[in-house]
Amino acid sequence: MGIGGEYAALDAAIRSVLLAGKQRMRADGTVRFTVLGPVRAWREGVEVELGSPTRRALLAMLLINAGQPVVLSELVGALWGQDPPDGAVNIIQRHVGLLRRLIDPSLSTRTAGDLLVRGSGGYRLVLETTMLDLLEFRDLTGRAEQAAQQGDLAGATETYVRALALRQGPVAAGIADVTRAHPLFGTVEREYALAAQAAAEVALRAGTPESVSTVLHEVARHAPYDEALQARLIQVLAASGRQADAIEVYRSVRTRLAEDLGIDPGPELRAAHERITSAPAPAEPPRLRRPAQLPADLPIFTGRDTELARLAALVEPHDAAGLPDTVVTVVSGMAGVGKSTLAVRLAHHVARHFPDGQLFLNLRGFDRAGTVIEPQDAIRQLLETQGVAPERIPASPIAAAEAYRNMLHGRRMLILLDNARDADQVRPLLPNGPGSMVIITSRNRLFGLVTSAGAHFLPLDTLTPAQSRVFLAARLDAERLAREPVAVDEIIASSGGLPLALAIVAARAAIRPGFPLAAIADELRFNSGSLDSFADVDPASDTRSVFSWSLRAVTPAAGQLFLLLGVHPGPDFAPPVAAALTGMPVRNARLVLNELSYAHLVAEYVPGRFSQHDLLRTYAAELAAEEDAELVRSATLRMLDHYLHSAQAALRAMSPHRVRAALPAPLAGANVLEFADGQQAEAWLSGERTVLITLIEAAARRGFDTQSWQLANVMDRYLDRQGRWQDQLVIQAVALAAARRDGARNGVASALRALGFTQGRLGDYVPGQENLSRALSMFTELDDPHGVAETHRLLAFLANRLERHDTALAHYEPALEVYRRIEDEASQAGVYNEIGWTHILRGDYQLALTRCQEALILHTKLGDDNGTAADWDSIGYAHHHLGQYHEAIGCYDTALRIYRQVGDRALEADTLLHIGDARLALGDAEQARATAELAADILEQLGHPDAATIRARLAQVSAGR
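Predicted, not measured: the structure shown is a model, and the values here were computed from it.

Asks: Mind laying out the environment of His805, listing which residues take part and the relevant values?
Replies: As for its position among the elements, His805 is in helix 37 (residues 805-821). As a C-alpha pair, His805 and Arg842 span 37 residues in sequence and 6.7 Å in three-dimensional space.

Asks: I'd like to hear about empty space enclosed by the protein, residue by residue, with values.
Replies: Unoccupied space between atoms shows up once a probe the size of one water molecule is rolled over them. Counted under the stated rule, the structure contains three cavities of 30 Å³ or more. Considered as a void within the structure, the largest cavity measures approximately 70 Å³ in volume. Lining the largest cavity, in full, are Val31, Phe33, Ala41, Trp42, Arg43, Val48, Leu50, Leu59, Leu99, Leu102 and Ile103. For the lining of the largest cavity, the elements supplying multiple residues, two or more each, are strand 1 (31-34), strand 2 (40-43) and helix 4 (88-102). Element by element, the count of residues in the lining of the largest cavity is highest for strand 2, at three residues. Residue composition of the lining of the largest cavity, grouped by class: 10 nonpolar, no polar and one charged. The calculated volume of the second largest cavity comes to roughly 50 Å³. Around the second largest cavity sit Leu565, His568, Gly570, Pro571, Asp572, Phe573, Phe610, Ser611, Gln612 and Arg617, which together line it. At the level of secondary structure, the elements contributing two or more residues to the lining of the second largest cavity comprise strand 12 (572-573) and strand 14 (609-611). A per-class count over the lining of the second largest cavity returns four nonpolar, four polar and two charged.

Asks: Mind laying out the environment of Ala668, listing which residues take part and the relevant values?
Replies: Positionally, Ala668 belongs in the loop between helix 30 (629-654) and helix 31 (678-701). For the pair Ala668 and Arg638, spaced 30 residues apart in sequence, the C-alpha separation works out to 7.6 Å.

Asks: Please give an account of the sheet that holds strand 13 (residues 603-606) that cites residues and values.
Replies: Reading across from one edge, 12-14-13 is the order of the three strands in this open sheet, with antiparallel pairing throughout. This sheet does not close on itself; its edge strands, each paired only once, are strand 12 and strand 13. Relative to strand 14, strand 12 is paired through two bridges, and the arrangement is antiparallel. Across the sheet, Asp572 pairs through a bridge with Ser611, a residue of strand 14.

Asks: How would you sum up the sheet that holds strand 1? Please name residues and give values.
Replies: If you walk across this open sheet you meet the three strands as 1-2-3, and the pairing is antiparallel. For this open sheet the edge positions go to strand 1 and strand 3 (46-47), each flanked by a neighbour on one side alone. Judged from the four bridges that link them, strand 1 and strand 2 form a sheet pairing that is antiparallel. Along strand 2, the bridge assignment pairs Thr34 with Arg40.

Asks: So what's going on with the pattern of salt bridges? Which residues, and what values?
Replies: For the structure on display, the rule yields 32 salt bridges. With a closest N to O distance of 2.9 Å, Arg138 and Glu191 form a salt bridge. Of this pair, Arg138 sits in helix 6 (residues 133-149) while Glu191 sits in helix 9 (residues 183-206); the two residues are 53 residues apart in sequence, bridging distant segments of the chain. On the basis of relative accessible area, Arg138 is assigned to the partly exposed category, the value being 32%. Since its relative accessible area comes to 25%, Glu191 is described here as partly exposed. Ionic pairing is found between Arg609 and Glu688, a salt bridge with its closest N-O pair at 2.9 Å. With Arg609 in strand 14 and Glu688 in helix 31, the pair connects residues that are 79 residues apart, well separated along the chain. In this structure Glu688 comes out as buried when scored by relative accessible area, which is 2%.

Reading the values: the criteria
- Residues numbered from 1 in each chain as written.
- Predicted model: local features only at pLDDT ≥ 70, side-chain atom pairs only at ≥ 80, totals over all residues.
- Heavy atoms only, no water.
- Helix = DSSP H or I, 4+ residues; strand = E, 2+ residues; numbered from the N terminus.
- 1 Å grid on protein atoms, 1.4 Å probe; cavity = no way out; pocket = protein on both sides within 12 Å on 5 of 7 lines; lining within 4 Å.
- Points joined across faces, edges and corners; volume = space filled by probe spheres on them.
- Nonpolar A, V, L, I, M, F, W, Y, C, P; charged D, E, K, R; others polar.
- Pairing = 2+ DSSP bridges.
- Salt bridge = Lys/Arg side-chain N within 4 Å of Asp/Glu carboxyl O.
- Buried < 20%, exposed > 50% of the residue type's maximum accessible area, 1.4 Å probe, protein only.

Given below as structure tokens:
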């Protein structure tokens with residue numbers, strides 16, 4: 001394996017983690033719910049989409065009564081109040097069934113029915129403590145109360161804080177008011193407030209009031225008229241040395257009670273105020289230092305001028321008065337893209353705006369040793385750097401966070417937090433006042449900071465080829481690059497614009513100044529499909545190691561999907577493909593893809609379509625190659641069946657009357673798509689076309705010969721219609737070889753037929769006719785009537801191209817005879833139209849009208865829109881050649897309308913060209929030109945080669961004016 005072999009153990013460890021995760025997923029069907037805040041549910045660590053507001057409210061009622069039955073009448077009243085709909089009980093029963101399906105029994109040793117049971121005239125959720133935050137809250141508060149009774153005040157305080165931290169907002173936030181009005185929700189709110197009061201009393205007795213001040217402040221904010229709770233907050237703030245804050249709380253509560261309720265504070269609140277006004281002032285805080293902790297700037301920094309200017313503009317317009325608010329910036333991107341380098345350069349660039357100093361901390365969110373710095377440890381480090389003695393730093397995480405914010409308050413600081421794991425790791429480190437700037441780097445997107453802290457988000461992409469060239473020039477002799485431009489281009493392409501990869505290559509070239517760059521380019525080419533060329537003895541700069549640290553940070557489900565994406569040929573994919581690879585439902589696959597996107601292991605470059613950087617895809621393929629062979633094979637077969645059967649369904653939607661070869665049933669979990677109409681089907685085929693073409697060759701290369709030639713056969717007519725004739729030559733040659741290896745004579749015949757027809761399209765008539773004749777013989781031997789008839793029609797097409805119209809008609813006769821014998825009326829009608837077209841080419845326009853009108857009658861009877869449109873186009877063409885231009889345009893307009901309805905854009909363009917010709921014959925050159933322009937636009941969108949011909953003709957006409 002070369003240099004990369006030194007990290008085989010690391011790769012093995014990653015695969016071991018993924019395998020262990022998969023085993024846990026099979027054995028542990030974890031379901032978790034929350035009701036202390038928004039009503040949410042997770043299965044196997046992936047959040048479940050609960051659906052309608054009614055279903056969410058029903059779940060809230062069951063959760064708030066966890067372990068107790070809720071009768072149907074109570075559920076009806078809670079969901080709809082005094083005005084329930086007809087069939088309310090049936091609606092509840094239906095939603096219960098849907099909830100049971102969400103709690104998927106296949107992922108648990110317990111069935112969904114064991115969790116959500118029927119009885120006592122209603123329903124009951126039977127949950128373990130760890131399954132619901134409310135039950136966990138009650139368990140923790142019970143243990144805290146017991147610890148306090150036993151004299152363990154520190155343990156009791158810590159347990160109370162853990163319990164209170166479970167709350168994420170008002171109980172059952174987001175459900176309808178009519179449901180939240182149920183008394184039980186208010187009871188739980190009161191239960192939470194009482195627990196907060198108990199926590200305050202225990203913390204005061206323990207002498208650690210600062211440990212509960214932050215959480216108590218948050219609880220009190222949601223209970224503004226609870227005088228007992230507000231009194232506890234005042235006591236805690238005063239005991240923590242925050243007398244001014246305590247007095248301010250009292251004043252605010254007194255004002256609120258007077259203005260909103262018209263009452264004065266009660267005795268408990270007044271007593272708390274009297275105690276703090278007579279307390280001595282706290283000791284002076286330690287004198288704070290002016291830190292300068294930024295890492296050294298990279299002197300050869302290049303390529304990020306736009307990003308740097310955008311971020312610097314957030315602070316540079318402000319004068320000496322400082323920023324009006326603290327600016328939080330998140331620089332996010334995949335591993336090795338240069339986030340830290342940019343952040344350090346930015347910090348040095350704007351440091352002069354922050355006179356109170358600069359703090360730096362590597363949070364090790366993706367550290368190779370897995371030593372992520374927890375927020376409380378980060379706070380301790382930052383406080384110590386400011387001169388706070390370790391013994392003065394509160395032991396409680398909440399109190400330490402409060403001390404940290406007090407230290408920052410009123411100061412203008414620049415804080416660089418590098419390599420953050422998630423928003424929760426960073427949020428306690430943000431200042432609570434104006435004037436500072438926080439720069440955060442992460443491989444995750446940290447959207448939580450964008451929403452909750454108003455962070456400015458900068459997604460950092462790979463370098464462009466031009467930026468990559470400047471990057472290399474900064475590290476190597478510019479003349480050396482100029483001497484070998486081809487090698488430089490190849491190095492840049494192989495590195496995919498990833499700064500880490502470019503830096504590794506540049507380092508190798510720098511320490512070997514006598515080596516030609518072509519030698520490095522050759523090595524990259526030789527190791528294509530492997531990361532060996534980007535390996536390094538230092539794990540911090542080895543691509544495999546760096547990628548593996550990102551992978552370790554995601555859930556087992558996301559890790560497994562990343563690995564299985566290694567079997568996808570690229571360049572992009574949609575969530576249904578991810579579902580097929582893993583066998584999971586699409587909604588779950590979408591959530592897992594979001595997790596990978598959040599971690600920059602995939603990128604959603606347009607809505608609904610994902611891609612991977614080439615080096616990440618290579619890493620995934622390496623992991624897949626070492627994975628359990630049966631797991632990878634099953635995933636590959638499901639993926640192939642997804643594309644094969646979905647393509648068949650799309651083409652069926654576009655041409656429902658066309659007979660297609662039968663396919664074996666798809667594998668379970670292949671997630672085959674269905675299409676509502678031809679337009680939807682054409683859009684899917686257009687989006688997946690590159691993948692489908694690539695997959696034919698990839699399937700054959702990996703030993704899936706059957707799927708290779710079957711997919712080539714399914715895609716044959718579509719690719720021909722799209723003008724993908726060069727692609728057809730390649731993939732049909734692949735399909736031919738695959739069918740021969742597979743021993744599938746029908747596959748061989750189909751590939752020969754498609755290959756021969758494409759050769760004829762491209763003017764290579766002799767081999768085209770030979771291959772079509774061989775296909776005809778094979779279909780005859782196989783007694784395949786459709787194969788025989790279809791091949792005759794293609795031979796007729798080639799004969800017409802050679803102006804051998806009588807030969808063409810001779811081929812149509814046996815085709816027509818076969819269709820009559822097997823009673824395939826749709827194909828008969830198609831042959832009638834093709835015979836009519838042949839008569840147009842012969843100049844017999846009246847006979848052509850007769851045949852095409854016969855086709856139209858039959859197609860209309862069958863309801864075959866595709867065939868009907870083709871007939872109207874042919875009839876219009878015959879009228880055109882009879883000099884009946886207005887009649888021709890009327891027929892063309894009908895064909896055009898139908899083609900647009902069914903979504904056949906290629907034939908829409910063809911008919912537009914015919915309309916343009918008729919307009920030109922009538923002397924309307926401007927309208928003819930506009931119509932031809934529209935046809936060219938469509939063909940360019942399709943990538944059809946005829947677009948260039950039309951553009952050239954239009955340019956020629958314009959030049960001749």
